[in-house]
Amino acid sequence: MAASTAAEAPAQPTREAHPVLLRLVNDQELTDRLLAPLWTPSPVWKILFAVTGVGTLVLAGAVSYTVATGIGVWGNNIPVAWAYAIINFVWWIGIGHAGTFISAFLLLFQQRWRASINRVAEAMTLFALMNAALFPLLHLGRPWFFYWLIPYPSTMGVWPQFRSALPWDAAAVTAYFIVSLLFWYLGLLPDLASARDRAPGRLRRRIYGVFALGWRGAGRHWHQYQTAYVLLAGLATPLVISVHSIVSLDFSIAQLPGWHSTIFPPYFVVGAIYSGFAMVLVLIIPIRRVFGLGDLITARHLDNMAKLLLAMAWLLIYSYIVEIFIAWYSGDPYERYVHLLFRPSGSYAWLYWVMLFANVGVPQIFWISRARISAPVLFGAGILILLGMWLERFIIIVTSLSHDFLPSSWALYAPTWVDWCILGGSVSFFGLLFLLFLRFVPFISINELKQLTHELRRGSA
Amino acid sequence: MPALFPRSSNTLIRAVLGVGVIAAVGVPALLMVWVRTPPVTGQHDAPRQPVEFSHQLHVKGFRIDCRYCHSTVERTASAGMPSSQTCIPCHNQVWRTGPLFAPVRRSLASGQPIPWVRVNRLPDFVFFNHAIHVSKGVGCETCHGRVDQMARVQQAAPLTMGWCLDCHRNPEPRLRPVSQMTTMGYRPPSLQAQLDEQLARTYHVQRLVTCTACHR
Amino acid sequence: MTDDWPGFEEFPAEAELPPDGMSRRRFVQLLGASLALAGLGACMERPRERILPYVTSPPDVEPGTAEWYATSMTLGGYGIGLLVKSREGRPIKIEGNPDHPASLGAAGIYQQASLLQLYDPQRSKRLRQDRKPSDWQSFVSQFAPASLRGRVGQRGEGLHFLLEPTASPLLASLLGRLRDLYPNVSVHLYAPLAYSGQRTAAVTAFGAALMPLYDVRQADVILAVDSDFLGSGPFHLRYARDFAERRRPSSPDGSMSRLYAIEPVPSVTGTSADHRLRARAGDLEGILGAIAAQVILGPSGGPEGLPDAMAAVLDRYRRDERNPGWVPEIARDLAAAGHRSAVVVGESLPPRVHLLGHLVNLALGNIGTTIRYVKRPLIEPETGHDGLATLVEAMQAGAVHTLVMLDANPAYTAPAGLDFRRALGRVGETVSLGLFEDETGRLSQWHLPLAHYLESWDDCRAYDGTAGLVQPLIAPLYGGKTVAQVLGAFLGEGDWSSHDLVRAQWSGHWGKADAPERWNEAVQRGIVSDTAFSPLTPLPRWNDIAAALGPRLNQGAGGMELVFQADPCVYDGRFANNAWLQELPDPMTKLAWDNAALVSPATARRLRVETGDELRLRQGGQQLTIAALVHPGMADEVLGLRLGYGRGSGDESLAEGVGVNAYPLRMSETSYSSPGVTIDATGAHHQLARTQTHWGLEGRPIALHTTLAHYREQPNFAREERGSPLSLYRGPPLGSGDQWAMTIDLSACTGCSACVVACQAENNIPVVGKEGVLRSREMHWLRIDRYFTGDAEDPQVISQPMLCQHCEKAPCEYVCPVEATVHSPDGLNEMVYNRCVGTRFCSNNCPYKVRRFNWFDYNAELAETERMAKNPEVTIRARGVMEKCTFCVQRIRQAQIAAGLEGRELHDGEVRTACQQACPSQAIVFGSLTHPNAEVVRRRAEPRSYTVLHELGTEPRVRYLARLTNPNPALQRERDGG
């Protein structure tokens, strides 16, 4: 909860600073505008689709090569037995947090401005999770036995070990994915219905019709819809906290210097939401531009997002400080070596400092109010923070492993071309999914915007 | 505007959803059942052998003890497969000619071994030792079944790890006096319970469930 | 279906029943079958596996049970007794023969790894003449006296043999008979590492080729002058064993011997010494001379009746001001120890140094206490035979018609100066017998495959004269012949089997009377009883010694000095095709799959080079480029080269192109060191694969070490590092039965790495090649960590065998999501390969980083024969699973089953791990804590026992005994001061 309250704090006083919507359009017009992209493909979209498509094929290639040959094709070694796969996993999971946070948290805290961006955020969550789910599977030495992590009555008469974090990991991620999917789909229903009603051509109308599950906008529908929506929101909210807490246990239950730390769960959750917001910004700013949605995604949204970023940044900075302080205070020579010596001055020091710049330095620009509403600044900051958060995971995993207890077994890690292909490929895959989303699904919640306009009218009247 | 969907589509979509839910639960369940069935475990699998040797005839008919052919069962990990020579002491008296015995004669003549087909196969990471099981009062029958009733010998047990563990976790009920080791259709005397414990004590039988007992 | 993974398939058919007898054809059949199965294995279709029983059961072979046979392996002319384990007629593990004086049950890396050589798929497989295949019969008829005389003359003028110096009685008599048959035959004995200094010196000093044998148990002070008597050489297993007995005091009031080592290049012996003193090879004579002078002349100017000539010589040594400061101190210490001291001079050093060694030992009265002289059993150049140089002369003169090269590879090992290859062109007909068709084999008209010693009957002599028999465990896989058989062919006995020859030899020796019994006994024990040489009393010829020593040559010339040494892993190159030995890290540099030019940090600074920079070395018109390796402890201005690499142009493709061939740079066929090499950096860089790259202890409690003196003051210095620290975490429940544990004594460990190879052989550990090592993916379950302490230029070295510590509270266990690594009731940390899915979480959480991961399917490309070397009692690990030391659980379980069948408990010492078994210095002890009198229990109770990283609370079952050194207080002060 630390995350949410802190996130609220800066948002409160400036509530009236910028209007949530620049102008209040009527429902008809709103619907037509927001559904238009579904009927009219743009050349830009086609190009991007081709690019990300190729990237996805690269991913497929690299993955099949890995599965066929063995993960020896990666750079991993002993001591650095975990590397890119786990870094990417944690990174994507983290990004996946913002969606539910925005939808669920902000819904429960009745942040009305969320209406314009929650659908994008939720979709982003799903796609991020789909990417994340790829990696734990892929990084197994024998992926075809992944199901041994699932508790089921096997002919071997043995069960998974529940003291390990990994089976819980699998459970948490799956649960999170399912809930997020339902939440997203439920929110979509009314808009799918509108799409069905407006779609040109019978085929499309039938397709949208099937997914609209016969939504007719009857009072009963709306009533049950509201109940279910709030219910799911309530269900999703604790998951936002639990998932990355459990992911953090993958590290903190180990006794490795740099991993064995009680602050990890909250620290990871904060980091996750932080990177998630960054990703949301990186996505909505181009959308806003391309589809000319300046009046729906307004300075208010940018300003709020920027403030949230700043708040998260400071929570993260706090975690960094505590981590390093405890390392020093504990007097544990191994912790001290990793935190005070190897990370800041060792072989990977330059990555460490880039990370600090991106995660700690960059967001400070949001103390300036003009920066908070400048799309380019926000976009750039978002990119840098995403990079920074990826590096954070690299630092945590690789530096701790490469220089642990016995100097005799110290060794460095270097990625191979396969590692890079998989990383790049997964980003493309994410982009591909997101493009499909923009093309075939109403990517801004029409019905919620309508509600919002109505409320605002009532408010102004 | 004509209706987009016929009335029936409501039922249809409900049905589809229902099936989906059932499949989500049912398919894994079915899989779990399936892997326990003979086609997968190979239980009751009785491959055709190069020699139509009938255990039924030799064990039940002639009362030949298992150890006459599987001679190392009490001493070594493997029970031991009989050499072609082993048949001769009896078969130069009886049945020396005849098509059934021909492969053995050929083997003896050519010096080429008889290519028996393995019936009870354990994976290579399982290190099973006949001698120790036998000496602890586990009879042949316990794992190999009523060989005396098998015209063509077949895999009696599923040979899954779970099956091994059933006994390793609770060996007592499966024990018998070593003297009864090769007996087929062994009937424990009444008061089995006491006998179990007594046997377990005399043979120092342990509940051996540590992994390296079998996996090394 | 886990059980259907091809990776696990290992001779399924054979696992049930053996191939009958030892026929090669049968092996290949079975392999065919098993390979086919491996293919089948992958599909869901249950593979129809065949069982091939015997047609008629052979006696005393029981399916699935191992047989042990005694045999010997000859290396460097001398034999080492072995026991070889055989399963279904194929040898699978080589261990030492406890009855053999040179082994006492231990086995070195070469002996153990020779197993892989037997199964090497690149061995030469066919007898050929020129390009076309031929056979033994036509070879015999071609070279039988009848036909050969016509070509080489009645008296054999044009007939030349080239073979290694050997102590084999059989070869001795065969060569003798050859000389009777061909009075003018010339036999050349040559091995690139066979040095003659010792013999020459002995002949000068005593008028006879005597050889010192050391009893280091008796010695309180030992001075090793560039002698690696603990780490290499034909008797090192025995010496290491004896030495260790005086190095591990069981209590603080125990005593220790003191070892000084003076050497240019760090060696196993040097790093085990209390004082390792760096000196250029050229300076050794001066230094030992000065020590001799101090010891003999003393303050009083020498004993009565010391010949003036000798006194003069010694005085010259004494007055040399170039001698290091520590000389007097060592002399004083030796003198103080009196007849309980020993000076050991390196085989490779020139006669003058050996003479000085003899002098000191005589003067101190060591003969009879720490040293006994026996007659040198080798047939070598000085015994009326010629070396390589004379052969090459004859060849160039065109005087050689028939050259027979028996198990020698001069085309590779000869120095470029001799230009053996060109000379070979002028020889009428050339015959080569070799395990591989190597550089020499390729160049010769006739090539014959040599029978591996595990395929042949033969005999040998140990360093102390004890004769041993070599008996085959398997019929020659490729119809190879022994050296004796080929010599036999020249004697017209081409139809004799190697068995006939050996049998005849020894029957002749014993006399017909009791031959059969003695023969059977010898075959069974592997050694011929009471054949050891009896000690002789040397009669020093003072004047000859003095004459030989003076006029003294000026001390070692200036400039960079080259030192050529046998590689600690591939020896002289004959093992270069052996994957185990290529992957075995050099005990000193931890370099694998390569050799390099070792230089001291100071010299490196002067040359402005770093590790990996390529150097161009020029000497005597020859040059080569090789990567530099900066190695603390090297003497300054010395450049150490390991021989045996840079093989090529032969069949040994594994060895081809690995490292650089340093032989051409040698001045003479067996030169050890030579001054005046010119060096410049090429600017190129070469990647060296080392298994360890950090050498400091970082002040962490990992390899504890202290001096004997300090140990006596504070016996409990290690108290803080053992016992169970406070913990909330309850470990897994332990059973009531045996509780397995191990102790490793760092005082006894020399770092020789025999245990590493033993582990590799016992546990089917794959090799990963240079790329694998560069990515730090080596698979060794047991590795030897090496740490430097003290002076960065000239550090103390600690070798620490590191293996799974079998923690009672194992960090690896609770993080595994599938319980693939769990704790056994008898205290083992079990690794269940077939349950492992490969998350590698266990490795991350292992503080000792002893877990290994199968990054690829390392067993996929194994040749048919290589698969035969696998131990059928250990699972072949599939791709993607973790593996690690299991405390040789297969041995434990088998012993338990054996005991169970006899209805008894295990007794102490019944289970020995492979590493323990191989360890020459008995540093590793394994046993159950429930046996009150077990050695492991006693050692754990010693005050200096501790556990690594104790404060982590892992409570390892492996305890180390802190390394103790016994430095000379005076020099110690000097070192601390400076």
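Notes on the structure follow.

### Some points on the overall build of chain C
Okay, step 1: Check the secondary structure of chain C and you find 33 helices and 40 strands.
Okay, step 2: Relative to a compact globule of 978 residues, whose C-alpha radius of gyration would be 30 Å, chain C shows 28 Å and is just as compact.
Okay, step 3: By principal-axis analysis of the C-alpha atoms, chain C measures approximately 80 × 75 × 65 Å.
Okay, step 4: Across the 978 residues of chain C, 66% fall into the buried class.
Okay, step 5: Within chain C, contacts between residues at least 6 apart in sequence are counted, and of these 75% link residues at least 24 apart.
Okay, step 6: Roughly 31,400 Å² of accessible area belongs to chain C as shown, and the carbon and sulfur atoms make up 52% of that amount.
Okay, step 7: Taken together, the 99 basic and 112 acidic charged side chains of chain C have centroids lying 1 Å from each other.

### Section: the overall build of chain B
Okay, step 1: Helix and strand content of chain B: 10 helices and one strand.
Okay, step 2: For chain B, the succession of helices and strands along the chain, N to C, is α-α-α-α-α-α-β-α-α-α-α.
Okay, step 3: For a compact globule of 216 residues, the expected C-alpha radius of gyration is about 17 Å, and chain B comes in at 25 Å, more than 25% above that figure.
Okay, step 4: Counting only C-alpha atoms, chain B reaches 95 × 50 × 35 Å along its principal axes.

### Looking at the packing of helix α11 (residues 308-318) of chain C against helix α21 (residues 542-549) of chain C
Residues and elements named next belong to chain C.
Okay, step 1: Running from N to C, α11 and α21 cross one another at 35°; their axes reach a closest spacing of 8 Å. Here α11 runs over α21; the crossing is left-handed. Across the interface between the two elements, Ala309, Met310, Val313 and Tyr317 of α11 pack against Trp542, Ile545, Ala546 and Leu549 of α21.
Okay, step 2: Of the residues belonging to the contact of α11 with α21, the class tally is eight nonpolar, no polar and no charged.

### Let's talk about the environment of C:Leu288
Residues and elements named next belong to chain C.
Okay, step 1: Among the secondary structure elements, leucine 288 is positioned in helix α10 (residues 284-297).
Okay, step 2: Judged by its relative accessible area of 1%, leucine 288 is buried.
Okay, step 3: Leucine 288 sits 148 residues away from phenylalanine 436 along the chain, and the two C-alpha atoms are 42 Å apart.
Okay, step 4: In contact with leucine 288, other than residues within four places in its own chain, are Leu223, Val225, Val343, Val345, Val353, Leu356, Gly357 and Val360.

### Description of the interface of chain A and chain C
Okay, step 1: With 53 residues of chain A at the interface, the matching set in chain C holds 59 residues.
Okay, step 2: Here chain A and chain C share an interface that buries about 4,700 Å² over both sides, 55% of which is from carbon and sulfur atoms.
Okay, step 3: In terms of surface lost to chain C, no three residues of chain A exceed A:Ile78, A:Arg142 and A:Leu406, which account for 16% of the buried area on that side.
Okay, step 4: Note that C:Lys849 and A:Asp404 form a salt bridge whose closest N and O atoms lie 2.8 Å from each other.
Okay, step 5: Between chain A and chain C we count 35 residue pairs in polar contact (both at pLDDT 80 or more) in total.
Okay, step 6: Mapped by element, the contributors of at least two residues to the side of chain A that touches chain C are α3 (43-69), α6 (165-198) and α11 (333-345) of chain A.
Okay, step 7: Of the residues forming the side of chain A that touches chain C, the biggest block, four residues, is contributed by α3(A).
Okay, step 8: The class makeup of the residues in the side of chain A that touches chain C is 33 nonpolar, 16 polar and four charged.

### Some words on helix α4 (residues 136-143) of chain C
Structural remark: α-helix, 3.6 residues per turn; residues separated by three or four positions point the same way.
Residues and elements named next belong to chain C.
Okay, step 1: Residues of α4 that are buried: Trp136, Phe139, Val140 and Phe143. Viewed end-on, α4 has its buried residues packed into an arc of 100°, placing them on one side of the element.
Okay, step 2: Contacts made by the buried residues of α4 are with α5 (145-152), β15 (402-406), β16 (429-434), β17 (446-449) and α18 (483-490).

### So, the packing of aromatic side chains
Okay, step 1: As enumerated under the stated definition, the model contains 76 aromatic pairs over all chains in all.
Okay, step 2: Arranged with centres 6.2 Å apart and planes meeting at 70°, the rings of A:Phe127 and A:Phe437 form a pair that is edge-to-face. Of the two residues, A:Phe127 is situated in helix α5 (residues 118-138) and A:Phe437 in helix α15 (residues 417-440); the sequence distance between them amounts to 310 residues.
Okay, step 3: Centre to centre, the rings of C:Phe229 and C:Tyr239 are 5.9 Å apart; their planes meet at 70°, and the pair counts as edge-to-face. Separated by 10 residues along the polypeptide, C:Phe229 in the loop between β10 (221-225) and α8 (236-245) and C:Tyr239 in helix α8 bring together distant segments of the chain.
Okay, step 4: On the basis of relative accessible area, C:Tyr239 is assigned to the buried category, the value being 5%.
Okay, step 5: Members of the aromatic cluster, joined through ring pairs, are A:Tyr84, A:Tyr337, A:Phe342, A:Tyr348, A:Trp390, A:Phe394, A:Trp410, A:Tyr413 and A:Trp420.
Okay, step 6: The ring centre of C:Tyr478 lies 5.2 Å from the NZ or CZ of C:Lys125, which sits over that ring.
Okay, step 7: In this structure, C:Arg151 is placed above the aromatic ring of C:Phe143, and the distance from its NZ or CZ to the ring centre is 5.2 Å.

### Some details on the interface of chain A and chain B
Bring the parts together and some accessible area is lost; that lost area is often taken as the interface size.
Okay, step 1: At the interface, 14 residues of chain A touch 15 residues of chain B.
Okay, step 2: Interface of chain A and chain B: buried area, both sides summed, is about 1,200 Å²; carbon and sulfur atoms make up 66% of it.
Okay, step 3: Our count for the chain A to chain B interface comes out at zero salt bridges.
Okay, step 4: Joining chain A to chain B, the criterion identifies four residue pairs in polar contact (both at pLDDT 80 or more).
Okay, step 5: Classifying every residue of the side of chain A that touches chain B by side-chain character gives six nonpolar, four polar and four charged.

### With respect to the sheet that holds strand β4 (residues 90-96) of chain C
Residues and elements named next belong to chain C.
Okay, step 1: What the three strands build is an open sheet, ordered β2-β3-β4; its pairing is antiparallel. In this open sheet, the two strands that pair with only one neighbour each are β2 (66-75) and β4. Each adjacent strand pair in this sheet contributes to an overall mean axis angle of 35°, direction not counted.
Okay, step 2: Pairing of strand β3 (residues 78-87) with β4, which is carried by six bridges, proceeds in the antiparallel orientation.

### Some details on the pairing of strand β13 (residues 341-345) of chain C
Residue and element names in this part refer to chain C.
Okay, step 1: In terms of residue burial, β13 counts as a mostly covered element, since five of its five residues are buried.
Okay, step 2: Burial along β13 is two-sided: Ser341, Val343 and Val345 and Ala342 and Val344, pointing in opposite directions, are all buried.
Okay, step 3: Sheet analysis places β10 next to β13, joined by five bridges and oriented parallel. Bridging from a neighbouring strand, alanine 224 pairs with valine 344 of β13.

### Some thoughts on a nonpolar patch on the surface
Okay, step 1: On the surface, A:Leu203, A:Ile207, A:Val210, A:Phe211, A:Leu213, B:Ile13 and B:Leu17 cluster together to form a nonpolar patch covering roughly 640 Å² of accessible area.
Okay, step 2: Put simply, the parts of the chain that give the nonpolar patch at least two residues each are α7 (202-212) of chain A together with α1 (8-34) of chain B.
Okay, step 3: In this structure, A:Val210 sits in helix α7.
Okay, step 4: A:Val210 sits in the partly exposed class, given a relative accessible area of 39%.

Rules used in this analysis
- Residues numbered from 1 in each chain as written.
- Chains lettered and ligands numbered in written order.
- Predicted model: local features only at pLDDT ≥ 70, side-chain atom pairs only at ≥ 80, totals over all residues.
- Heavy atoms only, no water.
- Helix = DSSP H or I, 4+ residues; strand = E, 2+ residues; numbered from the N terminus.
- Rg over C-alpha atoms; globule rule 2.2 N^0.38 Å.
- Buried < 20%, exposed > 50% of the residue type's maximum accessible area, 1.4 Å probe, protein only.
- Contact = heavy atoms within 4.5 Å.
- Areas by Shrake-Rupley, 256 points an atom, 1.4 Å probe, with all protein chains shown as cover.
- Lys, Arg positive; Asp, Glu negative; His and termini not counted.
- Charge placed at Lys NZ, Arg CZ, Asp CG, Glu CD.
- Axes fitted to C-alpha atoms, helices over the stretch in contact; angles between N-to-C directions.
- Left-handed = near helix turned anticlockwise from the far one by under 90°.
- Nonpolar A, V, L, I, M, F, W, Y, C, P; charged D, E, K, R; others polar.
- Buried area = accessible area lost by both parts, 1.4 Å probe.
- Salt bridge = Lys/Arg side-chain N within 4 Å of Asp/Glu carboxyl O.
- Polar contact = N/O pair within 3.5 Å; in protein donor to acceptor, adjacent residues only side chain to side chain.
- Arc of directions from axis to C-beta.
- Phe/Tyr/Trp six-rings, centres within 6.5 Å; stacked < 30°, edge-to-face > 60°.
- Lys NZ or Arg CZ within 6 Å of the ring centre and 35° of its normal.
- Pairing = 2+ DSSP bridges.
- Patch = residues over 30% accessible without salt bridge, like charges linked within 9 Å, V, L, I, M, F, W, Y side chains within 5 Å.

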